[in-house]
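What follows is each chain in one-letter form.
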Amino acid sequence: DTEVTQTPKHLVMGMTNKKSLKCEQHMGHRAMYWYKQKAKKPPELMFVYSYEKLSINESVPSRFSPECPNSSLLNLHLHALQPEDSALYLCASSRDRDRPYQPQHFGDGTRLSIL
Amino acid sequence: GENVEQHPSTLSVQEGDSAVIKCTYSDSASNYFPWYKQELGKRPQLIIDIRSNVGEKKDQRIAVTLNKTAKHFSLHITETQPEDSAVYFCALYYGQNFVFGPGTRLSVLP
């Protein structure tokens, strides 16, 4: 069973479109993450939210805009993406980013294709 | 920042044999080491983890060993089955973030 839920599962969009990816968890976790994963590569960290505040932005282009409306929800707003942005976008959560020994739990991801 | 090396990048074993994947790291401040299994088109799934104050942990056919002095940790899978075929990522907790190894593609041949 997936405890981190991501929608949509698949998304095809043009370079001029605006869309959003959504992530939800109800485990009471206070850290949430966005990763980008290309084929045959490990997940690449994009953003980290800790207690609903943005902690890390790993030099991600401004066409990706994260949002954390509350402790259970994480959004990723997309605008004017490029073909190289096509990838699997994974959301993850962990109990508390500031404490060690807390594993991350991943959602099933959104497979994004940019035409 | 921390860097994680993982070997081998691909591994093929016969069903029933054992598989070992090794990861090395450089900073002794790393203190937590999870392993993830990712099947094709699916999410990374935590399969086992180990803390820096423990040398070995076992869960049925899966075990992880940690050598803090040499700065390496390994995943051991015994009695492999076709459903063990997947990409395996080691990771470590460093500086409040998780750093992933490049992955090992394991194929279990029937």
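Starting afresh in each chain, residues are numbered from 1 along the sequence in its written order. As a convention, the first chain written is A and the first ligand written is 1, with the rest following in written order. Local features in this predicted model are restricted to residues whose pLDDT is 70 or higher, and side-chain atom pairs enter the listing and the counts only when it is 80 or higher, whereas totals over whole chains, interfaces and linings include all residues. Each side-chain value is derived from all of the structure's non-hydrogen atoms; neither hydrogens nor water enter the calculation.

A. Seen up close, the side chain of Asp-96 of chain A. Residue and element names in this part refer to chain A. Secondary structure counts use DSSP, requiring at least four H or I residues in a row for a helix and at least two E residues in a row for a strand, with both numbered from the N terminus. Take Asp-96: it is sitting in the loop between strand E9 (87-94) and strand E10 (105-106). In terms of polar contacts, Asp-96 uses its side chain to reach the side chain of Tyr-51, at 3.0 Å. A distance of 2.9 Å separates a polar side-chain atom of Asp-96 from the backbone nitrogen of Asp-98. Only heavy atoms enter the contact rule, under which two residues are in contact if any of them lie within 4.5 Å. If we ignore the near neighbours within four places in the chain, the residues touching Asp-96 are Tyr-51 and Gln-102. Polar contacts, as used here, are pairs of N or O atoms within 3.5 Å; protein pairs need one atom able to donate a hydrogen and one able to accept it. Residues neighboring in sequence count only if both atoms are side-chain atoms.

B. Representation of the side chain of Lys-37 of chain B in the model. All names here are of chain B. Tracing the sequence through the fold places Lys-37 in strand E4 (residues 32-38). Here Glu-83 takes part through its backbone oxygen, which lies 2.9 Å from a polar atom of the side chain of Lys-37. Other than its neighbours up to four places away in sequence, Lys-37 contacts Arg-43, Pro-44, Gln-45, Ile-47, Glu-83, Asp-84, Ala-86, Val-87 and Tyr-88.

C. Focus on the interface of chain A and chain B. Contacts between the two partners involve 26 residues from chain A and, on the opposite side, 21 residues from chain B. At the boundary of chain A with chain B, total buried surface from both sides reaches about 1,900 Å², with 54% on carbon and sulfur atoms. By definition, the buried area sums, over both parts, the 1.4 Å-probe accessible area that each loses when the two are put together. Contact with chain B buries area across many residues of chain A, yet Arg-97, Tyr-101 and Phe-106 of chain A alone supply 33% of it, more than any other trio. Take a side-chain nitrogen of Lys or Arg and a carboxyl oxygen of Asp or Glu: if they are within 4 Å of each other, that pair is a salt bridge. At the junction of chain A and chain B, the tally comes to one salt bridge. Between Asp-108 of chain A and Arg-43 of chain B there is a salt bridge, with the nearest N and O atoms lying 3.4 Å from each other. Here the side of chain A that touches chain B takes three residues from strand E4 (residues 31-37) of chain A, the largest share from any one element. Residues that form the side of chain A that touches chain B fall into these classes: 13 nonpolar, five polar and eight charged. Polarity classes work like this: nonpolar for Ala, Val, Leu, Ile, Met, Phe, Trp, Tyr, Cys and Pro, charged for Asp, Glu, Lys and Arg, and polar for all others, with Gly in that last group.

D. Representation of the packing of aromatic side chains. In this scheme Phe, Tyr and Trp rings, the latter by its six-membered ring, pair at centre separations within 6.5 Å, and the angle between planes marks the pair as stacked below 30 degrees, edge-to-face above 60, and tilted otherwise. Taken as a whole and judged by the stated rule, the model has 14 aromatic pairs over all chains. Ring plane angle 50° and centroid distance 4.8 Å describe the contact between Phe-33 of chain B and Phe-73 of chain B, whose orientation is recorded as tilted. Linking Phe-33 of chain B in strand E4 with Phe-73 of chain B in strand E8 (residues 72-77), this pair joins segments that are 40 residues apart in sequence. For the pair Phe-33 of chain B and Phe-73 of chain B, one class covers both residues: buried. Here Tyr-36 of chain B and Phe-100 of chain B contribute two aromatic rings whose centre-to-centre distance is 5.9 Å and whose plane-to-plane angle is 45°, an arrangement assigned as tilted. Remark: Phe-100 of chain B occurs in strand E10 (residues 97-100) and Tyr-36 of chain B occurs in strand E4; sequence separation between them is 64 residues. These aromatic residues form a ring-pair network of at least three members: Tyr-33, Tyr-35 and Phe-106 of chain A together with Tyr-36 and Phe-100 of chain B. Buried residues are those whose accessible area, probed at 1.4 Å on protein chains only, stays under 20% of the maximum for their type, while exposed residues exceed 50% and partly exposed ones sit between those limits.

E. Structural view of the nonpolar core. Residues enter a nonpolar core if they are buried and are Ala, Val, Leu, Ile, Met, Phe, Trp, Tyr or Cys, with the set joined through side-chain atoms within 4.5 Å. Trp-35, Phe-73, Leu-75, Tyr-88 and Leu-106 of chain B are the most contacted members of the largest nonpolar core, which totals 25 residues. Grouped together as the second largest cluster of nonpolar side chains are 22 residues, Val-4, Met-13, Leu-21 and Met-32 of chain A included.

F. Representation of the sheet that holds strand E1 (residues 4-7) of chain B in the model. Residues and elements named next belong to chain B. Pairing between strands is defined by DSSP: at least two bridges between them are needed. Within the open sheet, the five strands sit side by side as E1-E3-E8-E7-E6. Their pairing is antiparallel. Edge positions in the sheet fall to E1 and strand E6 (56-59), since each has one partner strand and no second. Sheet twist, expressed as the mean angle between neighbouring strand axes with direction ignored, is 15°. Strand direction decides the pairing type here: strand E7 (residues 62-67) and E8, joined by six bridges, are antiparallel. Each residue of the ladder has a partner; that of Ile-62, found in E8, is Ile-77. To obtain an axis, a line is fitted to C-alpha atoms, over the contacting stretch when the element is a helix, and the angle between two such axes runs from 0 to 180 degrees between their N-to-C directions.

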